[in-house]
Amino acid sequence: MLVVSVLAASIGCGDPLRPADIAGTYVLERVGDDPLPAVVQSRSTFQIVAIADTIHLRRDGSGTRTTITVMLLPDGETYPAFRTAVGVRFEIIRGKVRIFSQFTCPSNANCALPAPLVVSRVAGGLRSVRESLDKPVLFFARVEDAD
């Protein structure tokens, strides 16, 4: 009887979404309702425009994220495109996927780790969870299943 109760409790507590369900390659398709290129961050002194953003998630909970962005200044000056590629790890908690950058701060710098990207699985891909009004909703289309 005790074995059956413990087994039933452990089955009921499991998250139905697993890393294998999420594993694949996703490309940023929209920022809010805007197709790329689109503004992902806007301040009085600059705007960051996403040109491309690709997330590759593996079945083991690891992956990579590669972004290409451009910074625009109010006077019209544009900085050259900036490409970043970082390792990521992800975990699933209550149906939400949290994607953490595996960012290494140089020893001579004062860094703050970026907040995880929190997404939900939706038809055709992943949709970011809006955590504050200054963060737009991102839609990543699934373009490839995991290897």
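Anything mentioned here points back to the structure above.
What comes next concerns the included structure. (Residues numbered from 1 in each chain as written. Predicted model: local features only at pLDDT ≥ 70, side-chain atom pairs only at ≥ 80, totals over all residues. Heavy atoms only, no water.)

1. Some words on the overall build of the protein chain
Now for step 1: Secondary structure summary: the protein chain contains two helices and 10 strands in total.
Now for step 2: Reading the protein chain from its N terminus to its C terminus gives the helix and strand order α-α-β-β-β-β-β-β-β-β-β-β.
Now for step 3: Residues counted as buried form 29% of the 147 residues belonging to the protein chain.
Now for step 4: Taking the contacts inside the protein chain whose residues are at least 6 apart along the sequence as the reference set, 43% of them involve residues at least 24 apart.
Now for step 5: Of the roughly 9,400 Å² that the protein chain leaves accessible, carbon and sulfur atoms contribute 57%. (Helix = DSSP H or I, 4+ residues; strand = E, 2+ residues; numbered from the N terminus. Buried < 20%, exposed > 50% of the residue type's maximum accessible area, 1.4 Å probe, protein only. Contact = heavy atoms within 4.5 Å. Areas by Shrake-Rupley, 256 points an atom, 1.4 Å probe, with all protein chains shown as cover.)

2. Points about the environment of Val86
Now for step 1: In this fold, Val86 is placed in strand 6 (residues 82–93).
Now for step 2: Remark: the alpha-carbon pair of Val86 and Thr66, spanning 20 residues in sequence, is separated by 6.5 Å.
Now for step 3: Not counting residues up to four positions away in its chain, the partners in contact with Val86 are Gly63, Thr64, Arg65 and Ser101.

3. Let's talk about the layout of surface pockets
Now for step 1: Approximately 1,000 Å³ is the volume found for the largest pocket.
Now for step 2: As for the largest pocket, its lining consists of 33 residues, and the residues nearest its centre are Val40, Asp53, Arg65, Thr67 and Pro114.
Now for step 3: At the level of secondary structure, the elements contributing two or more residues to the lining of the largest pocket comprise strand 3 (38–42), strand 4 (47–57), strand 5 (62–72), strand 6, strand 7 (96–101) and strand 8 (117–122).
Now for step 4: Classifying every residue of the lining of the largest pocket gives 20 nonpolar, six polar and seven charged. (1 Å grid on protein atoms, 1.4 Å probe; cavity = no way out; pocket = protein on both sides within 12 Å on 5 of 7 lines; lining within 4 Å. Points joined across faces, edges and corners; volume = space filled by probe spheres on them. Nonpolar A, V, L, I, M, F, W, Y, C, P; charged D, E, K, R; others polar.)

4. Things to note about the packing of aromatic side chains
Now for step 1: Under the counting rule described, the total for this entry stands at zero aromatic pairs.
Now for step 2: Taking NZ or CZ as reference, Arg89 lies 4.3 Å from the ring centre of Phe100, over its face. (Phe/Tyr/Trp six-rings, centres within 6.5 Å; stacked < 30°, edge-to-face > 60°. Lys NZ or Arg CZ within 6 Å of the ring centre and 35° of its normal.)

5. Here we look at the pairing of strand 7
Now for step 1: With six bridges joining them, strand 6 and strand 7 adopt antiparallel strand pairing. Considered in strand 7, the bridge of Arg89 is made with Phe100.
Now for step 2: A loop of two residues connects strand 6 with strand 7, the two strands running antiparallel in sequence, and Arg94 in this loop sits at a positive phi of about 50 degrees.
Now for step 3: One ladder, built from four bridges, connects strand 7 with strand 8; its direction is antiparallel. In the sheet register, Lys96 faces strand 8, and the bridge partner there is Ser120. (Pairing = 2+ DSSP bridges.)

6. Here's the deal with the side chain of His56
Now for step 1: Along the chain, His56 turns up in strand 4.
Now for step 2: Residue classification places His56 among the buried residues on the basis of a relative accessible area of 17%.
Now for step 3: Looking at His56, its side chain comes within polar contact range of the side chain of Thr25, at 2.7 Å. (Polar contact = N/O pair within 3.5 Å; in protein donor to acceptor, adjacent residues only side chain to side chain.)

7. So, the pairing of strand 10 (residues 138–145)
Now for step 1: Where strand 1 (residues 24–31) lies against strand 10, seven bridges are found, and the strand directions are antiparallel. Pairing of Leu28 across the sheet is with Phe140, part of strand 10.

8. Here we look at the pattern of salt bridges
Now for step 1: As enumerated under the stated definition, the model contains five salt bridges in all.
Now for step 2: Asp21 is the salt-bridge partner of Arg18, the closest N and O atoms lying 3.4 Å from each other.
Now for step 3: One salt bridge connects Arg89 with Glu91, and the closest N-O pair in it is separated by 3.8 Å.
Now for step 4: Overall, the relative accessible area of 37% leaves Arg89 in the partly exposed class. (Salt bridge = Lys/Arg side-chain N within 4 Å of Asp/Glu carboxyl O.)

None of the figures reported here should be taken as evidence of function without further support.
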